[in-house]
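# Structural description and commentary
So the chains spell out like this:
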Amino acid sequence: MLKKIFALLLLVFLQSSWAFAHDIFGFPRHRGVEPLVDKKYESSCGECHFAYQPGLLPSRSWAKMMRPEQLEDHFGENAELAEKERLYILKFLTENGADKTWHYKRSVKINQSIPENVTPLRITETPYIKKKHMEIPRRMIQDNKKVRGLSYCNKCHTEAVSKGQFSRTNVDIPNFRNWDDLID
Ligand code: HEC
Ligand code: HEC
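Residues numbered from 1 in each chain as written. Chains lettered and ligands numbered in written order. Predicted model: local features only at pLDDT ≥ 70, side-chain atom pairs only at ≥ 80, totals over all residues. Heavy atoms only, no water.

### Brief notes about the pattern of salt bridges
Applying the stated criterion across every chain, the model contains six salt bridges. One salt bridge connects Asp180 with Arg168, and the closest N-O pair in it is separated by 3.2 Å. With Asp180 in helix H9 (residues 179-182) and Arg168 in the loop between helix H8 (160-163) and H9, this pair connects stretches of sequence that are 12 residues apart. Among the residues examined, Arg168 registers a relative accessible area of 51% and is labelled exposed. (Salt bridge = Lys/Arg side-chain N within 4 Å of Asp/Glu carboxyl O. Helix = DSSP H or I, 4+ residues; strand = E, 2+ residues; numbered from the N terminus. Buried < 20%, exposed > 50% of the residue type's maximum accessible area, 1.4 Å probe, protein only.)

### Quick word on the side chain of Thr124
Looking at the element boundaries, Thr124 is found in the loop between helix H6 (105-113) and helix H7 (127-132). A residue is classified by how much of its surface remains accessible, and Thr124, at 16% relative accessible area, is buried. Every residue in contact with Thr124, bar those within four places of it in the chain, is listed here: Ile129, Lys130, Leu150 and Ser151. (Contact = heavy atoms within 4.5 Å.)

### Section: the coordination of the iron atom of ligand 1
Around the iron atom of ligand 1, the protein contributes the donor atoms His49 (NE2) and His74 (NE2), which lie 2.0 Å from the metal centre. With six donor atoms in place around the iron atom of ligand 1 and angles of 88 to 179 degrees between them, the coordination shape is octahedral. Separated by 25 residues along the polypeptide, His49 in the loop between helix H2 (39-45) and helix H3 (59-65) and His74 in the loop between helix H4 (68-72) and helix H5 (83-95) bring together distant segments of the chain. By relative accessible area, His74 is classed as buried at 17%. (Donors = N, O, S within 2.8 Å, 3.2 Å for Na, K, Ca; no water. Tetrahedral: all angles 85-135°; square planar, octahedral: opposite > 155°, others 65-115°.)

### Things to note about the site of ligand 1
Taken together, 22 residues surround ligand 1, and among them Cys45, Cys48, His49, His74 and Ser151 come closest. At 2.8 Å from a nitrogen atom of ligand 1 is found a side-chain nitrogen or oxygen belonging to His49. Note that an oxygen atom of ligand 1 is positioned 2.7 Å from one of the side-chain N or O atoms of Ser151. Listing elements by their share of the shell around ligand 1, those giving two or more residues are H2 and H3. Here the residues of the shell around ligand 1 are counted per class, giving 14 nonpolar, six polar and two charged. (Near = heavy atom within 4 Å. Polar contact = N/O pair within 3.5 Å; in protein donor to acceptor, adjacent residues only side chain to side chain. Nonpolar A, V, L, I, M, F, W, Y, C, P; charged D, E, K, R; others polar.)

### Concerning the nonpolar core
In this structure, Tyr41, Tyr52, Leu56, Trp62, Leu93 and Phe166 are the most contacted members of the largest nonpolar core, which totals 23 residues. Of all the secondary structure elements, the ones that give two or more residues to this core are H2, H3, H5 and H7. Taken together, domain 1 (30-121) and domain 2 (133-184) each give at least three residues to this core, which thus spans both. Not counting residues within four places of it along the chain, the set of residues in contact with Phe166 comprises Val33, Phe50, Gln53, Leu56, Arg106, Cys153, His157 and Ala160. Counting nine residues, the second largest nonpolar core, distinct from the first, contains Ile141, Val147, Val171 and Ile183. (Core = buried A, V, L, I, M, F, W, Y, C linked by side-chain atoms within 4.5 Å. Domains from an automatic or database assignment.)

Everything listed here is a matter of geometry and, on its own, says nothing about what the molecule does.
Pasting the structure below:
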C-alpha cells in the first residue's frame, strides 16, 4: 500500500516538474497553435475564410491589419467594423499573437521565422509557412476548385478549426486523397 502511494506521489512529482521545466526553459508544451474561440471574432472575421487563430501571426501584424484604413481595403475586400467591435477584436488578437503564446510549438516556429523588422499581413507569407508548402504543386492548391488558395488552411488541415492543429498527419487535400505519394 505504502509503495503504491509512494509511486503515485513520484509520478505526480515527475509530471509537474516536466511541465515546470518546459515553462522555465521555454520549450513549447503544445503542438499546434492555441485553439482560442471567440464568438464576436468568429462572426466578424470568419465569414469569408475561417477565423484564423491569433497564434498564427505576431501581435504587430494583427495591430497593422486591424487599423481602420487597412480594414477598408482588406486584400481587396471591405472588412470594416464598427469602432467598438474593431477595438474588441484588436485586443483579442494582439493579446494572443504568435509572440505571446510561446508554449505552442507552431506559434513559436512562425514567430521565429519572421525577421524583427518585417510585419507580414499574410500567414502564408511568413517564411515558416511558406517553406512548409513549397513542394505542393499549384494543381492541388490554387487550381483546385475545392481549395482555391493556400489561405484556406482548413480545406486541407482537418483539425485546424477544432483543435488548432496543423500537423501533416491530419492533412486531407480535397480531390487529392493520395497527396503524400504525389509530393516528393
Ligand atoms: C468580406 C470578406 C472578408 C472578411 C469579412 C474578412 N476577410 Fe480576411 N481575407 C479576405 C480575403 C479575400 C483574403 C485573401 C484570401 C486569398 O488570398 O485568397 C483575406 C485574407 C486574410 C488573412 C491572410 C491569409 C493568408 O493568406 O495568410 C488574414 C490573416 C485575414 N484575412 C484576417 C482577417 C481578420 C482578422 C478579419 C476580421 C477583422 C477578416 N480577415 C475579415 C476576406 C475577408
Ligand atoms: C492545399 C492544402 C493545404 C492548405 C490550403 C494549407 N496546407 Fe498546410 N500543409 C499541407 C500539406 C500537404 C502539408 C505537408 C507538406 C509536407 O510535409 O510535404 C502541410 C504542412 C503544414 C505545416 C507543417 C506540418 C508538419 O507536420 O510539419 C503547417 C504548420 C501548416 N501546413 C500550416 C498551414 C496553415 C497555417 C495554412 C493556412 C494559412 C495551411 N497550412 C494551408 C496542405 C495544406
